[in-house]
Amino acid sequence: MADSFVRVRGAREHNLRTIDVDIPRDALVAFTGVSGSGKSSLAFGTIYAEAQRRYFESVAPYARRLIHQVGAPKVEDITGLPPAVALEQRRSAPTSRSSVGTVTTLSNTLRMLFSRAGDYPQDATERLDSDAFSPNTAAGACPECHGLGTVHRVTEESLVPDPALSVREGAIAAWPGAWQGKNLRDILAALGHDIDRPWRELPPADRDWILFTDEQPVVTVHPVREAGRIQRPYKGQYMSAKRYVLHTFADSKSEALRKRVQGFMVAEPCPVCHGRRLRPEALAVTFEGHDIAALAGLPLGALAELLRPTAERTDEEAAPALARDLVARIEVLTELGLGYLSMDRPSPTLSAGELQRLRLATQLRSGLFGVVYVLDEPSAGLHPADTESLLAVLGRLKEAGNSLFVVEHDMDLVRRADWLVDVGPLAGEHGGQVLHSGPVAALADAADSATRRFLFATEPPVERTPRTPSGTLTLRGVTLHNLRGLDAAFPLGVFTAVSGVSGSGKSTLVTRVLAEAVRDHLGTGDDQREATDTDGADTGPMARAQLTGAEGLEAIDRLVRVDQKPIGRTPRSNLATYTGLFDAVRKVFAATDEARARGYTAGRFSFNVAAGRCETCQGEGFVAVELLFLPGTYAPCTACHGARYNPETLQITYRERTIADVLAMTVDAAGDFLADIPAAARSLRTLQEVGLGYLRLGQPATELSGGEAQRIKLATELQRTRRGHTLYLLDEPTTGLHPADTEVLLRQLHGLVDAGHTVVVVEHDMGVVAGADHVIDLGPGGGADGGRIVAAGTPAEVAAAPGSRTAPYLARRRARPDAS
């Protein structure tokens, strides 16, 4: 192509304001701007989407139906656009069978190595096909655990957490509540068991039968008469606690019920394959003295070293060729800071940043030329020590003749870009303009840019005097994953940052061990349970941490975890419904004179209720249009035109606005409109305080970024009346946030500490770490090389600590004005 630019004209996707921009090819181009400014709409929603649309036009119509398509973007014209590959911040398929090996396809090559070059036992009659070495196929999976490596069972301790209680008092916590639980207790009484005696005082044989019997006797139950009610005798069938838990987990259609009973189960290695997931005949084959499960369990760096002697052989056998391929691909992963991962690590346990880097390494080996790679924050979840390696890998992709369009918030990476496209000035309807497109240094002339202040910082960072802790929460002998016998002390009443390279054990210590210890002490779940699910991953019960002791837990009254997982998986979940402010809005409409005259209740104003919603689109606001030879698309509902409600409901107005009009308002606009409605005003005010004034109340959860979802969760928590001493746990809260958004978030978090609470964050952003009261630095490396506390103390103390990979970056951040 003679013209070396991608030229975009008239881009209108999402909040883009009919923008024109020229972007060079064969360069590393950074797209910057505050969260919600429109940078992703330009890079992914416009440029990548148009490249995909053009590619699909060349694909046979029948094949198009089999490929996920992003749809045609709203843009007048794009010239000079090569084919594009997107590497987004998205999680993998939510299944425990998806692993590092399957994401990178390393597993395929390792299985082929064992099939073609493995050492078979002398009595083996034939070589096994590569499928026989996969736990995800019928040919290879252990028949006992079906290739999962674990079996789920229940124990007396898991079913009866408090043996001081009697059965009538709820000792068998695993049983259902309400009438069904009372029914099972009444049946036990009818069978002659003492349900008023403390559980620990019951005979062992009785306890064993009550919990584990497979018998289901039917008896006549004579319920105790309740005031004003006559209850007749009935036939009741007994079901043991074990049978109830396993039956509910396997067969219930209710996700909430499945999650509840999952808490009463424990996972154990399969007694047949001992956690190795394969049939005995596959495990009998070895390579260099190890079976395939053992090699898949090694850190990738260690696996490469084991294979290297074979890879260096010069003979024409299959083993050297396969080993060379494995070693070469593992070296790229190691260079990206992922050498601590093992091939059998389930992908639902990986961060979005780790997954994107796995895909990036795969692309580096693909040998593509002349492609535009569109990346969504490749530095996410990456310690500053690993950023240099990332830049080297991106540089090799560029040198191979490709273009890199990177949506990025890390100012260190942005400074190294060849070209900068800054979008803004603010978010939502206040953004969508290209403020600068040119060399990085020229951004200094863009007066409206929110990025400029952080890219060219001239003021030295403000030194904070660390707060004095009100106490200490200490965990002793922590053992989980790569934490082995660790002692960790968390000061209370202060802001603590937990740092360390990727894979050093930060998230394990904070979001698993610390959270479990506090939750067990409180005897309750998190106040924000929805923030802790696993993206629908049905991986069964997780291994629990082992502790030898814990002190200081009594100072915590409440636990709240806030993460970046979606606030909902369907367009029916939105900002207004999640925060609860929609309840207040519906009550306002139901209280109008016209609504009362018609007998409309608050339920009438829900788009999920048949009485009020538009029946054509079932309250969705749009209808799916299925096209036989083209990708399916969505169109506004022809009946309600996107309003989601039926005409009768829309006849009710409050201050001349319909309920649909209110949902279409931004948080800022609704803040004025609903200022005199206390319940709504409080929610709207907290959303504005965390920088989300640009979002629409009815904006579907599926359109929100991870950073937006996290701040919505935080705002929902902030609007609550806080009682007692709360422990707030956040895992990389600045991921996906522009430095300007990070400032807003930190003001809120430090405000929580000022109010007497404790905040603990897992963080790579050195600006956040430098502003903490206390730092716990894990390492020194990742995986088996991590899991130890290498430094702890104030930011100044950790910055001077020898042996810490975080220390030099923290010291630089505290000393240099232009460090980010």
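Rules used throughout
- Every chain begins its residue count from 1, and numbering advances along the sequence as written.
- For this predicted model, a pLDDT threshold of at least 70 governs which residues receive local features, and a threshold of 80 or more governs which side-chain atom pairs are given and counted, while totals over whole chains, interfaces and linings are taken from all residues.
- Note that water and hydrogens are dropped before the side-chain values are worked out from all heavy atoms of the structure.
- UniProt positions are given in the numbering used here, feature names are shortened, and annotations may be inferred rather than shown by experiment.
- Under the DSSP-based scheme used, a helix requires at least four consecutive residues in state H or I and a strand at least two consecutive residues in state E, with every element numbered from the N terminus.
- Both definitions apply: the radius of gyration is a C-alpha atom measure, and the globule rule equals 2.2 Å times residues to the power 0.38.
- Accessibility here uses a 1.4 Å probe with only protein chains present; expressed as a share of the type maximum, an area under 20% marks a residue as buried, one over 50% as exposed, and anything in between as partly exposed.
- Note on contacts: a residue pair is in contact if any heavy atoms of the two residues lie within 4.5 Å.
- Lines are fitted to the C-alpha atoms to define the axes, a helix being fitted only along its stretch in contact, and any angle between axes, read from their N-to-C directions, falls within 0 to 180 degrees.
- In what follows, roughly perpendicular refers to angles from 65 to 115 degrees, roughly parallel to angles under 35, roughly antiparallel to angles over 145, and oblique to any angle outside these ranges.
- In this scheme, a crossing is called left-handed if the near helix is turned counterclockwise away from the far one by less than a right angle; it is called right-handed if the turn is clockwise.
- Each residue is assigned to one of three groups, with Ala, Val, Leu, Ile, Met, Phe, Trp, Tyr, Cys and Pro labelled nonpolar, Asp, Glu, Lys and Arg labelled charged, and all others, Gly among them, labelled polar.
- Note: two strands are recorded as paired if DSSP finds a minimum of 2 bridges between them.
- Here the expected span of a helix is defined as 1.5 Å times the quantity of residues minus one.
- Note that the bend at a residue is defined as the angle between axes fitted to the seven residues ending at it and the seven residues starting at it.
- Aromatic rings from Phe, Tyr and Trp, taking only the six-membered ring of Trp, are treated as a pair when their centres fall within 6.5 Å; an angle between ring planes under 30 degrees marks them as stacked, one over 60 as edge-to-face, and anything in between as tilted.
- The rule is short: NZ of Lys or CZ of Arg within 6 Å of the ring centre and within 35 degrees of the ring normal puts a charge over the ring.
- Throughout this description, the term salt bridge denotes a Lys or Arg side-chain nitrogen within 4 Å of a carboxyl oxygen of Asp or Glu.
- By nonpolar core we mean a set of buried residues, namely Ala, Val, Leu, Ile, Met, Phe, Trp, Tyr and Cys, connected to one another through side-chain atoms within 4.5 Å.

Where an unreviewed UniProt entry is consulted, the protein appears under the name UvrABC system protein A, with the organism given as Streptomyces inhibens. Recorded in UniProt for the protein, the comment headed Sequence similarities (unreviewed entry) runs: "Belongs to the ABC transporter superfamily. UvrA family."

Enquirer: Help me out: how do you make sense of the overall build of the protein in this one?
Expert: What the protein contains, in helices and strands, is 30 helices and 24 strands. Radius of gyration (C-alpha) of the protein: 29 Å, near the 28 Å computed for a compact globule of 820 residues. In terms of principal-axis extent, the alpha carbons of the protein reach across some 90 × 90 × 65 Å. Put simply, the protein has 820 residues, and 52% of those count as buried. For the protein, contacts bridging at least 24 residues in sequence account for 69% of all contacts bridging at least 6.

Enquirer: Honestly, the environment of Val154 in this entry has me stumped. Any pointers?
Expert: Looking at the element boundaries, Val154 is found in the loop between strand S6 (150-153) and helix H5 (156-159). Between the C-alpha atom of Val154 and that of Leu687, which follows or precedes it by 533 residues, the distance is 43 Å. Residues in contact with Val154, not counting those within four places in the same chain, are Leu159, Phe212, Lys242, Val245, Phe264 and Met265.

Enquirer: Mind showing me how you'd approach the packing of helix H4 (residues 106-117) against helix H13 (residues 318-335) here?
Expert: In a pair of packed helices, the angle between the axes and the distance between the axes together describe the arrangement. Closest axis-to-axis distance for the H4/H13 pair is 10 Å, and the angle between their directions is 160°. When the interaxial angle is binned, H4 and H13 end up roughly antiparallel. As for how H4 packs across H13, the hand of that crossing is left-handed. Contacts between H4 and H13 involve Leu106, Thr109, Leu110, Met112, Leu113, Arg116 and Ala117 from the first element and Ala318, Ala319, Leu322, Asp325, Leu326, Arg329, Ile330 and Leu333 from the second. Each residue belonging to the contact of H4 with H13 can be placed in one class, and the counts come to 11 nonpolar, 1 polar and 3 charged.

Enquirer: Just to check I follow, could you spell out the side chain of Asp186 for this structure?
Expert: Summarising the element assignment, Asp186 is placed in helix H6 (residues 178-190). By relative accessible area, which is 15% here, Asp186 ends up buried. The residues contacting Asp186, other than those within four sequence positions of it, are Val221 and Tyr234.

Enquirer: Would you take a moment to explain the environment of Met239 for this structure?
Expert: Its place among the elements puts Met239 in the loop between strand S8 (234-237) and helix H8 (241-251). Sequence separation between Met239 and Leu473 is 234 residues, and the spatial gap between their C-alpha atoms is 41 Å.

Enquirer: Please clarify how the sheet that holds strand S10 (residues 372-376) should be interpreted in this entry.
Expert: If you walk across this open sheet you meet the 6 strands as S5-S10-S11-S3-S12-S13, and the pairing is mixed. Lying at the two open borders of the sheet, with one neighbouring strand each, are strand S5 (84-87) and strand S13 (433-438). Mean inter-strand twist for the sheet, computed between neighbouring axes without regard to direction, equals 15°. Here helix H1 (residues 39-57) sits on the sheet and contacts strand S3 (28-32), S5, S10, strand S11 (403-407), strand S12 (419-424) and S13; the angle it forms with S5, its principal contact strand, is near 135°. Across the sheet, helix H15 (residues 384-399) lies against S3, S10 and S11, angled at about 140° from S11, the strand it touches most.

Enquirer: Help me understand the sheet that holds strand S21 (residues 726-731) in this model?
Expert: In a beta sheet, neighbouring strands are held together by backbone hydrogen bonds and run either parallel or antiparallel to one another. An order of S18-S21-S22-S16-S23-S24 is seen for the 6 strands of this open sheet, with the pairing classed as mixed. Here the strands that pair on one side only, and so sit at the sheet edges, are strand S18 (558-562) and strand S24 (788-793). Each strand of the sheet is rotated relative to its neighbour by a mean of 15°, with strand direction disregarded. Note: S18 against S21, 5 bridges, orientation parallel. Paired with Leu559 across the strands is Leu727, a residue of S21.

Enquirer: What am I meant to see in the side chain of His725 here?
Expert: The residue His725 is located in the loop between helix H26 (706-718) and S21 in this model. Ignoring sequence-local partners within four residues, the contact set of His725 consists of Ser470, Leu492, Gly493, Ala555, Ile556, Asp557, Arg558, Gly756, His757 and Thr758.

Enquirer: Is there a simple way to think about H1 in this case?
Expert: Residue pairs spaced three or four apart in an α-helix point in one direction, given the helix's 3.6 residues per turn. A rise of 1.5 Å per residue sets the reference length of H1, with its 19 residues, at 27 Å; its end C-alpha atoms lie 26 Å apart and thus fit the reference within 8%. Ala49 marks where H1 bends most, by close to 30°. Summarising burial for H1: 14 of the 19 residues are buried, a large majority.

Enquirer: Is there a simple way to explain the packing of aromatic side chains in this structure?
Expert: This model, assessed by the stated rule, comprises 14 aromatic pairs. With centroids separated by 5.8 Å and ring planes inclined at 55°, the aromatic side chains of Phe31 and Phe405 adopt a geometry described as tilted. With a gap of 374 residues between them, Phe31 in strand S3 and Phe405 in strand S11 connect regions that are remote in the sequence. Taken individually, Phe31 and Phe405 each receive the classification buried, so the pair is uniform in this respect. Connected via pairs of aromatic rings, a cluster forms that spans Phe589, Tyr600, Phe605, Tyr654 and Phe673. In this arrangement the basic side chain of Arg644 is found over the ring face of Phe607, its NZ or CZ atom lying 3.8 Å from the centre.

Enquirer: Looking at this structure, how should I read unusual backbone geometry?
Expert: Both trends apply: most residues other than glycine have a negative phi, and most peptide bonds are in trans. Looking along the chain, the bond that leaves Gly424 and enters Pro425 is cis, with omega of 5°. Non-glycine residue His146 carries a positive phi angle of around 60°. Position of His146 relative to the elements: it lies in the loop between H4 and S6. Of the residues examined, His146 reaches a relative accessible area of 54% and is grouped as exposed. A positive phi angle is found at Arg277, which is not glycine, with a value near 75°. Within the secondary structure, Arg277 sits in the loop between strand S9 (266-269) and helix H10 (280-283). On the accessibility criterion, Arg277 (17% relative accessible area) is buried.

Enquirer: Would you take a moment to explain the pattern of salt bridges for this structure?
Expert: Pairing is possible between side chains that carry opposite charge, provided their charged atoms lie close to one another. Under the counting rule described, the total for this entry stands at 36 salt bridges. Residue Arg467 is joined to Asp773 by a salt bridge in which the shortest nitrogen-to-oxygen separation is 2.6 Å. Note that Arg467 is positioned in the loop between helix H17 (452-455) and strand S14 (471-480) and Asp773 in the loop between helix H28 (766-770) and strand S23 (774-779), a separation of 306 residues in sequence. For Arg711, the salt bridge goes to Asp741, with nearest N and O atoms at 3.8 Å. Of the two residues, Arg711 is situated in helix H26 and Asp741 in helix H27 (residues 739-754); the sequence distance between them amounts to 30 residues. Judged by its relative accessible area of 0%, Arg711 falls in the buried class. Taken together, the salt bridges that share partners define one network made up of Asp3, Arg7, Arg9 and Asp22.

Enquirer: Quick question: what am I supposed to make of the nonpolar core here?
Expert: The tendency in soluble globular proteins is for nonpolar side chains to be buried as a group. Ranked by size, the top nonpolar core spans 140 residues in total, and within it Leu360, Phe495, Leu674, Leu697, Ile712 and Leu749 carry the most contacts. Once residues lying within four places of it in the same chain are set aside, the contact partners of Leu360 are Leu87, Leu336, Leu375, Leu390, Val393, Leu394 and Leu397. By size, the runner-up hydrophobic cluster in this structure holds 28 residues, among which are Ala11, Val21, Leu42 and Ala51.

Enquirer: Sorry if this is basic, but what is going on with H13 here?
Expert: Look at H13: 26 Å from first C-alpha to last across 18 residues, which is about the 26 Å you get at 1.5 Å a residue. All of the buried residues in H13 are Ala319, Pro320, Leu322, Ala323, Leu326, Val327, Arg329, Ile330, Val332 and Leu333. The first or second residue beyond H13 is Gly337, which carries a positive phi of 80°.

Enquirer: Any chance you could explain the packing of helix H12 (residues 300-311) against H13 here in plain terms?
Expert: As a packed pair, H12 and H13 sit with axes 8 Å apart at the nearest point and diverge in direction by 150°. The two elements H12 and H13 cross, and the hand of that crossing is left-handed. Two secondary-structure elements touch here, H12 through Leu300, Gly301, Leu303, Ala304, Leu307, Arg308, Thr310 and Ala311 and H13 through Ala319, Pro320, Ala323, Arg324, Leu326, Val327, Ile330, Glu331, Leu333 and Thr334.

Enquirer: What's the story with the pairing of strand S16 (residues 495-499) in this structure? I'm lost.
Expert: As a general feature of sheets, a regular strand has side chains that alternate between the two faces. Within S16, 5 of the 5 residues are buried, which leaves the element mostly enclosed by the surrounding structure. Side-chain alternation along S16 places Phe495, Ala497 and Ser499 on one buried face and Thr496 and Val498 on a second face that is also buried. The pairing of S16 with strand S22 (residues 758-762) spans 4 bridges and is classified as parallel. Paired with Phe495 across the bridge in S22 is Val759. As paired elements, S16 and S23 share 4 bridges and run parallel to each other. Each residue of the ladder has a partner; that of Thr496, found in S23, is His774.

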